[in-house]
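Coordinate analysis (summary)
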Amino acid sequence: MRLYLVFFLLLLNLVARPAHSESDWLYSVRPGDNLWNLCNQYTVRRDCWLKLGEYNSVEYPRQLPPGLIIRFPISWLKEVPRPVTLSYYKGDVTVFYQDPASSEIPTFQQKLAIGTTVVTGEESFATLIFEDGALIQMEPNSELLLDSISTTQQDQAFTSQLHLNTGAVNARVPERRPKSRFQIRTPSAIAAVRGTEYRLTAGKNENSGVSITEVLEGTVGVDAQQSTVDVEEGFSVKTAEGLPPEQPKPLLSAPEFAAAVKEIQPGPIELTWQPVDGAEQYRLDSLKDNEQAELINSYFLSSAEFSLDVTDFNDDCVRFAVRGVDADGVQGLVAYKRICIEQPLDSPAVIAKPKLSKPDLDVEIDWQMVEAADSYFVQVSNSDNFDVIYQEFTTTETSLVLPWDPSFEKGLYYRVQAIALEGVDSEFSQTREIKVDRLPKKALLTWSVFWVLFVAL
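A quick note: this is a predicted structure, and the numbers were derived from the prediction, not measured.

Basis of the calculations
Within any chain, residue numbers begin from 1 and follow the written order of that chain's sequence. Owing to the predicted nature of the model, reporting of local features is limited to residues with pLDDT of at least 70; listing and counting of side-chain atom pairs is limited to 80 or more, with chain, interface and lining totals taken over all residues. The basis for every side-chain value is the complete set of heavy atoms in the structure, and neither hydrogens nor water enter the calculation. Note on conventions: DSSP H or I runs of at least 4 residues are helices, E runs of at least 2 residues are strands, and numbering of each starts at the N terminus. Relative accessible area decides the class of each residue, using a 1.4 Å probe on protein chains only: under 20% of the type maximum gives buried, over 50% gives exposed, and in between gives partly exposed. Method for areas: the Shrake-Rupley scheme with a 1.4 Å probe, in which residue coverage is limited to the protein chains shown. Polar contacts here mean pairs of N or O atoms no more than 3.5 Å apart (in protein, one a potential hydrogen donor and the other a potential acceptor; neighbouring residues in sequence count only if both atoms are side-chain atoms). Residue contacts are counted whenever heavy atoms from the two residues lie within 4.5 Å of one another. Strand pairing requires that DSSP identify at least two bridges connecting the strands. A pairing counts as a salt bridge when a side-chain nitrogen of Lys or Arg comes within 4 Å of a carboxyl oxygen of Asp or Glu. Taken from the helix axis, the directions to the C-beta atoms give the arc we talk about. Side-chain atoms within 4.5 Å link the members of a nonpolar core, which is a set of buried Ala, Val, Leu, Ile, Met, Phe, Trp, Tyr and Cys residues. Pairs of cysteine sulfur atoms within 2.5 Å are identified as disulfides in what follows. For this analysis, a ring pair means two rings from Phe, Tyr or Trp (six-membered ring only for Trp) whose centres lie within 6.5 Å, classed as stacked if their planes differ by under 30 degrees, edge-to-face if by over 60, and tilted for the remaining angles. Note that patches include only residues with greater than 30% relative accessible area and no salt bridge, and the join distances are 9 Å for like charges and 5 Å for nonpolar side chains (Val, Leu, Ile, Met, Phe, Trp, Tyr).

What follows is about the overall build of the protein. Of regular secondary structure, the protein possesses four helices and 32 strands. The proportion of buried residues among the 457 residues of the protein is 43%. Surface accessibility of the protein: about 25,500 Å² in total, with carbon and sulfur atoms responsible for 52%.

Printed below as a string of structure tokens:
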């Protein structure tokens, strides 16, 4: 009887719980929150404060414990939450929702819910794309919380609030509609924009509590300690925790790539640029050649030149971005250069030949045409390792007649290379052998002896 009673109570408890939807918006309670102000701030329901506690199976204290997760039905909200897409990442990147112990490796194009934190490790990068077209590129050793991403149902105004706990991000924000907001909070300041491109750093270690905002395009409003500074294009501002923003300072000018840097290079890629006054070092980024320009690698250099192996890249073309870095670690304006990697020509396909039955005649060899080849280089040897080259030819045709040479009787091997007018020549083709068939001469001698004997008899 007691067992049935326990089962009945458990069943009753399950039935009494409110049904939750997978489309609920989850909110992590902050200090000072209560059900009344949460309902007033986020929902359109007048009776929300009466229903929300029951929906979440919580009492109605004056304040809720920080960290508690409160569910809101989507239909109750003033603004509809919008997911963020993790479109690209490289290296050690993890994501977690609320609890760092639940960190997991993300998937490409994964949709990230509000309350998700993205973490990049050493030499690791991530790109986040927002529904309104805004883009965030996370640099190595960064931690970014998606605090609030939503749009109002009435006028489709987007609101994005992020928290950069540590590290650095590059933000590209399109021109926004009225009432739209895009804010990134750091431990020391808030950077708010409506349409711009900028970089934001939240310091750590000896620079903990210091944020730097570098504006490449547009205007960014930096707010700290009830003081707001508008940072215009080409300027930066530093903000220390507990202090108002400093006065904006001009960024270092953009470097100028040397005229000798070719837009098409066979590799290694050689980059040089004019030194920038005030630069203690330079930052060089390699970027994918697409609209998002995802980061491939970053290099910090002491000189205005660099050489890269083309094997570092999988794409035919790569963008490079270089900027100076001053003594305070502030990064300057950026110069861009698009370089395409010259691919080698395809090796010619040499057509196989049968045995050479008439060694007293010339030998013809031919091969298939290679697109974009200017000419062909042919080598002839008596060994397949080409340690001794008998003859070499350059021709624009796809065939060649070799005059008979007695040395061919020792062996006849040849190979062909496609030559580019500009760029990278092909590798040599597969080595081909033409075997000299000596049977016809022996057969002729045999018949000659036979006829001599026949006449004699």
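Next comes the rest of the account.
Here the focus is the side chain of T120. By the secondary structure assignment, T120 is in strand β7 (residues 116-120). Owing to a relative accessible area of 3%, T120 belongs among the buried residues under this scheme. At 2.6 Å, the side chain of T120 and the backbone oxygen of E139 are in polar contact. With sequence-adjacent residues up to four places away left out, T120 is seen in contact with D92, V93, F125, A126, M138, E139, P140, N141 and S142.

On to the sheet that holds strand β32 (residues 432-433). Read across the sheet, four strands follow the order β29-β28-β31-β32 without closing on themselves; strand pairing throughout is antiparallel. Edge strands, defined here as strands with exactly one partner in the open sheet, are β29 (389-395) and β32. Pairing of strand β31 (residues 413-420) with β32, which is carried by two bridges, proceeds in the antiparallel orientation. Residue pairing in the sheet places Y414 in a bridge with R432 of β32.

In the structure shown here, the tally under the stated rule is eight salt bridges. Across the pair E214 and R199 runs a salt bridge whose closest N-O atoms are separated by 3.4 Å. With E214 in strand β15 (residues 210-217) and R199 in strand β14 (residues 196-202), the pair connects residues that are 15 residues apart, well separated along the chain. The pair E214 / R199 is uniform in exposure class, with both members buried. Among the charged side chains, a network of salt bridges with common partners joins E139, R199, E214, R283, D285 and R323.

Once that is clear, we can look at unusual backbone geometry. Even without being glycine, A293 reaches a positive phi, approximately 50°. The backbone of F386 shows a phi angle near 55°, a positive value even though the residue is not glycine. In this fold, F386 is placed in the loop between β28 (373-381) and β29. A relative accessible area of 6% means that F386 is categorised as buried.

A few words on the environment of Y390. Mapped onto the elements of the fold, Y390 is located in strand β29. Put simply, Y390 and V380 are 10 residues apart on the chain and 5.6 Å apart in space, counted from C-alpha to C-alpha. If we skip the residues at most four places from it in the chain, Y390 touches V380, S381, N382, S407 and K410.

Bringing helix α3 (residues 48-56) into the picture now. Three or more residues of α3 are buried, namely C48, L52, G53, Y55 and N56. The buried side chains of α3 occupy one side of the element, clustering within an arc of 160° when seen end-on. Of the surrounding secondary structure, the elements contacted by the buried residues of α3 are α2 (35-42) and β2 (69-72). Directly after α3, the chain includes S57, whose backbone phi takes a positive value near 60°.

This part covers the nonpolar core. If you look at the biggest cluster of nonpolar residues, it comprises 52 residues, and the most contacted ones within it are L128, F130, I136, L162, F182, I184 and Y198. With five residues, the top contributor of residues to this core is strand β11 (residues 158-173). I136 has contacts with A126, T127, L128, F130, L144, L162, V169, N170, A171, F182 and I184, leaving out every residue within four places of it along the chain.

All right, on to the state of the cysteines then. Throughout the structure, instances matching the rule amount to two disulfides. Each disulfide pairs two cysteine sulfurs, and for C39 the partner residue is C48, the sulfurs being separated by 2.1 Å. For the disulfide bridge between C39 and C48, the dihedral angle about the S-S bond is near -65°, and by the sign convention the bridge is left-handed. On the basis of relative accessible area, C39 is assigned to the buried category, the value being 6%. For C48, a relative accessible area of 0% corresponds to the buried category.

Before going further, it helps to examine the packing of aromatic side chains. This structure, assessed with the given rule, holds 10 aromatic pairs. Consider the rings of Y55 and W76, whose centres lie 5.9 Å apart with planes at 45°: the pair is tilted. Within this pair, whereas Y55 is found in helix α3, its partner W76 is found in the loop between β2 and β3 (79-81), the two being separated by 21 residues in sequence. When its relative accessible area of 13% is taken as the criterion, Y55 is described as buried. Taken together, a centroid distance of 5.6 Å and an interplanar angle of 75° make the contact between F130 and F182 edge-to-face.

Taken together, the side chains of W36, W49, L50 and Y60 present a nonpolar region at the surface, about 460 Å² in accessible area. Tracing the backbone shows W36 in helix α2. For W36, a relative accessible area of 54% gives the class exposed.

Time to look at α2. Where α2 is concerned, the buried positions are L35, L38, C39 and Y42. For α2, the buried positions fall inside an angular range of 95° around the axis, keeping them on one side. Relative to its buried face, α2 has exposed residues pointing more than 90 degrees away, namely W36 and N40. On its buried side, α2 packs onto β1 (25-28), α3 and β2.

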